[in-house]
Every structure is written in structure tokens, then in C-alpha cells.
Amino acid sequence: MKIYNTLSRRKEEFVPVEPGKVKMYVCGPTVYNLIHIGNARPMIVFDTVRRYFEYKGYEVNFVSNFTDVDDKIIKKSIEEGVDADTVSKRYIAECRKDMEAMNIMPATKNPLATEEIGGMLDMIRTLIEKGYAYAAADGTVYYRVRKFKDYGKLSHKNLDDLQSGFREIKVTGEEGKEDPNDFVLWKPKKEGEPFWESPWCQGRPGWHIECSVMAKRYLGDEIDIHAGGEDLIFPHHENEIAQSEAANGVTFARYWMHNGFLNIDNKKMSKSLGNFFTVREIGEKYDLQVLRFFMLSAHYRSPLNFSAELMEASKNGLDRILTGVEKLKELEEKAAAGTMSAAELENQKKAMELVEKYEAAMEDDFNTADAVSAVFELVKLSNSTASAESTSAYVGWMKETIERLCGVLGIITEKKEEILDSEIEDMIAQRQAARKAKDFALADQIRGKLLDMGIILEDTREGVKWKRA
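Nothing here was measured: the structure is a model prediction, and the numbers come from that model.

## Looking at the pattern of salt bridges
Throughout the structure, instances matching the rule amount to 33 salt bridges. With a shortest N-O distance of 3.3 Å, Arg50 and Glu54 are connected by a salt bridge. With Arg50 and Glu54 both in helix H1 (residues 37–55) and four residues apart, the pair spans about one turn of that helix. You can call Arg50 buried: its relative accessible area is 6%. On the basis of relative accessibility, which here comes to 32%, the residue Glu54 falls in the partly exposed class.

## Let's talk about the packing of aromatic side chains
All chains considered together, the criterion is met by 16 aromatic pairs. Summarising the aromatic geometry, the rings of Phe294 and Phe306 are spaced 5.5 Å apart at their centres and angled 90° between planes, so their arrangement reads as edge-to-face. Of this pair, Phe294 sits in helix H8 (residues 288–295) while Phe306 is found in strand S13 (residues 304–306), placing the two residues twelve residues apart along the sequence. With relative accessibility at 5%, the residue Phe306 sits in the buried group. Every member of this aromatic cluster is reached through a ring pair, and the members are Phe14, Tyr52, Phe53, Tyr55, Tyr58, Tyr255 and Phe366.

## Structural notes on the sheet that holds strand S12 (residues 267–268)
Taken together, three strands build an open sheet; the order of strands is S12-S11-S13 and the sheet is mixed. One side of each edge strand has no neighbouring strand; the edge strands of this open sheet are S12 and S13. Contacts from H8 reach strand S11 (262–264) and S13 within the one sheet, and its direction differs from that of S13 by about 150°.

## A closer look at the UniProt feature "binding site: ATP" (unreviewed entry) in the protein chain
Following the UniProt record, one finds the feature "binding site: ATP" (unreviewed entry) at Lys271. In this structure, Lys271 sits in the loop between S12 and helix H7 (279–285). Given a relative accessible area of 54%, Lys271 falls into the exposed group. Ignoring anything within four residues of it in the chain, the contact list for Lys271 reads Asn33 and Phe276.

## Digging into unusual backbone geometry
Note that the residue after Phe234, namely Pro235, is joined by a cis bond; omega there is 5°. Residue placement: Pro235 occurs in helix H6 (residues 233–248). Despite not being glycine, Asp265 shows a phi value in the positive range, around 50°. Assignment of secondary structure puts Asp265 in the loop between S11 and S12. The backbone of Asn266 shows a phi angle near 65°, a positive value even though the residue is not glycine. Relative to the elements of secondary structure, Asn266 occurs in the loop between S11 and S12.

## A few points about the side chain of Ser307
One can find Ser307 in the loop between S13 and helix H9 (308–334). A polar atom in the side chain of Ser307 sits 3.1 Å from the backbone nitrogen of Leu310.

## A word on helix H2 (residues 71–80)
Among the residues of H2, those classed as buried are Ile73, Ile74, Lys76 and Ser77. Within H2, the buried residues cover an arc of 160° as seen down the axis, which keeps them to one side. What points out from H2, more than 90 degrees from its buried face, is the exposed set Lys75, Ile78 and Glu79. Just beyond H2, the residue with positive phi is Gly81, at close to 70°.

## A short note on the packing of helix H5 (residues 207–219) against H6
Running from N to C, H5 and H6 cross one another at 55°; their axes reach a closest spacing of 8 Å. In terms of axis orientation, H5 runs oblique to H6. Two packed elements cross with a definite hand, and for H5 against H6 that hand is right-handed. For the pair H5 and H6, the contacting residues are Trp207, His208, Ile209, Cys211, Ser212 and Lys216 in the first and Pro235, His236, Asn239, Glu240, Gln243, Ser244 and Asn248 in the second. The residue inventory of the contact of H5 with H6, partitioned by class, reads four nonpolar, seven polar and two charged.

## Things to note about the side chain of Asp182
Within the secondary structure, Asp182 sits in the loop between strand S6 (141–143) and strand S7 (183–188). Buried and unpaired, Asp182 has no salt bridge, with Arg144 as the nearest side chain of opposite charge at 5.8 Å.

## A word on the pairing of strand S10 (residues 253–259)
For a regular strand, side chains alternate in direction, first toward one face of the sheet and then toward the other. Summarising burial for S10: six of the seven residues are buried, a large majority. Sheet analysis places strand S9 (residues 223–229) next to S10, joined by six bridges and oriented parallel. The residue bridging Gly229 from the neighbouring strand is Asn259, located in S10. Assessed by its sense of winding, the connection that carries the chain from S9 through H6 to S10 is right-handed.

## Structural notes on empty space enclosed by the protein
It is the rolling of a water-molecule-sized probe over the atoms that shows where space remains empty. The tally for this structure, following the rule as stated, stands at one cavity of 30 Å³ or more. There is about 50 Å³ of room inside the largest cavity. Along its surface, the largest cavity is lined by Val45, Thr48, Val49, Met295, Leu296, Ala298, His299, Tyr300, Phe366 and Thr368. Ranked by the residues each element gives to the lining of the largest cavity, the list is headed by H1, at three residues. Tallied by class, residues from the lining of the largest cavity come to seven nonpolar, three polar and no charged.

## Section: H5
With 13 residues, H5 extends 19 Å between its outermost C-alpha atoms, agreeing within 8% with the 18 Å of an ideal straight helix rising 1.5 Å per residue. Counting buried positions along H5 gives eleven out of 13 residues, so the element sits mostly inside the fold. Buried within H5 we find Trp207, His208, Ile209, Glu210, Cys211, Ser212, Val213, Met214, Ala215, Tyr218 and Leu219. A positive phi of about 115° marks Gly220, the residue just after H5.

What counts as what
- Residues numbered from 1 in each chain as written.
- Predicted model: local features only at pLDDT ≥ 70, side-chain atom pairs only at ≥ 80, totals over all residues.
- Heavy atoms only, no water.
- Salt bridge = Lys/Arg side-chain N within 4 Å of Asp/Glu carboxyl O.
- Helix = DSSP H or I, 4+ residues; strand = E, 2+ residues; numbered from the N terminus.
- Buried < 20%, exposed > 50% of the residue type's maximum accessible area, 1.4 Å probe, protein only.
- Phe/Tyr/Trp six-rings, centres within 6.5 Å; stacked < 30°, edge-to-face > 60°.
- Pairing = 2+ DSSP bridges.
- Contact = heavy atoms within 4.5 Å.
- Axes fitted to C-alpha atoms, helices over the stretch in contact; angles between N-to-C directions.
- UniProt positions renumbered as here; feature names shortened; annotations may be inferred.
- Polar contact = N/O pair within 3.5 Å; in protein donor to acceptor, adjacent residues only side chain to side chain.
- Arc of directions from axis to C-beta.
- Parallel < 35°, antiparallel > 145°, perpendicular 65-115°, else oblique.
- Left-handed = near helix turned anticlockwise from the far one by under 90°.
- Nonpolar A, V, L, I, M, F, W, Y, C, P; charged D, E, K, R; others polar.
- Lys, Arg positive; Asp, Glu negative; His and termini not counted.
- Right-handed = clockwise from strand over helix to strand, strands pointing away.
- 1 Å grid on protein atoms, 1.4 Å probe; cavity = no way out; pocket = protein on both sides within 12 Å on 5 of 7 lines; lining within 4 Å.
- Points joined across faces, edges and corners; volume = space filled by probe spheres on them.
- Expected span 1.5 Å × (residues − 1).

Right, dumping it as C-alpha cells:
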């Protein structure tokens, strides 16, 4: 199995730290709002990577954090007049709903930054003791970047050319910095912000220290794979390497995997352009299995363009697979018992070649686009060879094979009955007519039916509004 390693900029043979086991850390979202489709891409991609490792028999320890203390969370809490913990807990719950709808497997552990402060303080102390960090007069603790000789090895940036680009918001200016490139490990509190006691000041951690500490606690000093979006390569992942390798004295991660950017109609996604979509908004128009299928239709390292046309194409492609499986299920119920015929055995051999093609694609840096192509070929073979005359052995084997390969991609092969917008509008009109005729029992009955179909109604002054649950 080959993985493209951002560190070496080439594909490398995967050799785990411990045979038969994979220790994998994926940077999770900052929970201050509903997750957007840019967040969804690494979730789907690295969930699929995990599923393939498990398909190949590896035991995977998959850790993905929630950053639950951050400037954006604090800003949101001030706007709402609640504490930061209320905001983060709410959006962690919402994020979990979206992840479930995208069929993301639960992580082995989802650590929270606020629950790992003790470990962060310990690592910062170690870095200070080793000369890699220092406390400024105001209590801010900085990492001494020039002390770490390998700084820049992941992003391939020259330290002398770096002057800015760090995510930390300057707390009290940078007067205490020895070097403009030094970054924050601990920052003093501001009025009204959450804070923790430390030897240096009452404050909170910098962003980068969180993941170094959580990866160490739940996976160990050296891990197999560290992954995330390519926007995290610098400074976040570069700084994680500097912290972890200086503190622990060993290589932090053997393989660094990064997914490409997601654009909307060939433009960068941003709220100012009005092309910013949450996963929840996409879920109102499509089953989120379609979004997952769309995300896997391109290689994870390639930039991916999101558009209504491409989502429709993904919907149609996914429907071809689900219809193929549905046909096999129907045939299996009526198929005659018995062993496969000579012709079926020959077709099974052709199918096995497609399974090998699928696995070869996944073994080549998780090329899901080519893996999906192999699934399409398998469905095409199934459609042309499975019939009412087929044996249950052949039909059942073909169905299980397609379902297994789809399962590795996280695609659920159960076909859902689609409810058209026009059908919903007709039922709402019937309910409105019943209300006008004061037949409230019928109106409630229709509302109940719609709810069973996953449709939520909201009676407003402007009329009835509806959305998919």
C-alpha cells in the first residue's frame, strides 16, 4: 500500500509503527457554528481511509479532536450572551448529527481541548526546560522556532523567508517575542474569556499545542498517520511537528496526508461571495450520501469543484449503484437454490478481477475515483449477467461483493424512497384546505404523515414553511 507523504512529497510504502495496527490522528473542527462542506471533505476522505485499513485487517485507533476553546467560539458566546462551553457543546452535538448523516464512523476517541489542559501545561513545561520555549514578561509562552533545526520540513518553507501567517490573534502585542516567527503556546486571559491557572499566567492554550498533546495521550509519542486539509500544513502541522518532536525526542508522524481544497462553482468558498454552504443546507436538498459519493468522485489530493450540476451527476451515479443492488435483492428472493453454473463461475472470475482493480486503486494512495469506477463496472457486469434464471449463489455473491466494496467507501446501499418537493407541496396544500374547512383532525393527520416522511412544517405569518429533518 502506497501513501503520498506531504513530508517527502512522494508516494511511500506504508509500514506501520506496530505491525497490524494503525495509529491515526485527524484534525477536527473548531465548534462555533454548523460545519460547512469544506469541513466535510477531510471527514469523509479520512473516514474512508480508515475503513479501507479495517477492510485489510488492520486494527485502527482513530483519534479526531474538537477544538472547543478558540477566539471564534468566545466571540460567538459574547454575541449570544452565554458562556463558551454552551456554544461548543451545542455545535459538537450538531456536528455529530451531520457526521452520522454522512455515515462517518465514530472515532475511537474525540478528545476536547478543554479536557486536556493538564497535558498541555506539562508539554509546555518540558519545552521550556529543554530550551525550546520561553515565557515573556506578560505571561505569554512562545515556542523558540530557530531552536528546532528541522522547522519548515513539512511545508518546505525557508524560515528566513517567513515573517507572518500564524493563526494566533495577538493578545498583548509581540513585544515579548525573541523572533517574529516564534508562535504562542500559552496566552494571557482577556476580560470575560475562559481561562485556566498556569505557572506563567491565568490564560488559555495556543491552537497548535492542543493536537500535539491529544495525539501523544491517545496514540503515543510516534504515530502512523496525521491528516487534515492542506490549509493546515502551515502553520498548524508544521508547529505540531516542532512541539512534539522537541518534547518527545522522536519522529511525530511517519506519514502526513492532506486533502485538496474545495471550491464552489470554480471559486473559493467564502461567506462574502455568498457561496458558503453548511452540510445541513446541502442535506435539505440531497441525501448526504450523495455528498459523500461526490467527495469520493475525485482523488483526495486534487482540488474539488462543487456545483449543482456535479451534485446532480453524483446523485444519478449513486442511484445507478443503488438500483443495481436493489435488483439483486429482488432476484435473490426468487432465485433458485444451488451452486453456480459454469457461466456464472466465469462471470464471478470477471467480477473478482474488478475487485482486484478496486483494491489496486485504493492501495495506490486511496484513489477513490478509480475505486468508484471499478464499482460501476461491477454493477454493469451484474446488470448484464444476473437474471431470473440466475442461481441464488451467484446473485447473493454478487450483491454481497458490491455491498462490501460500497461499505468501504461508506456508501449505504439501502435505497431510500425519494420524496419529491411537488408531493410535499401537494400534501401541505391538502392540510391547508383541511384547516380552512376546520377539519383539524385531518390537518394533524397530514402533518403527522409528513413528519414520518422526515418533513418538518413551520406555520408562520408568511405561510407554511417546510424543511427536511
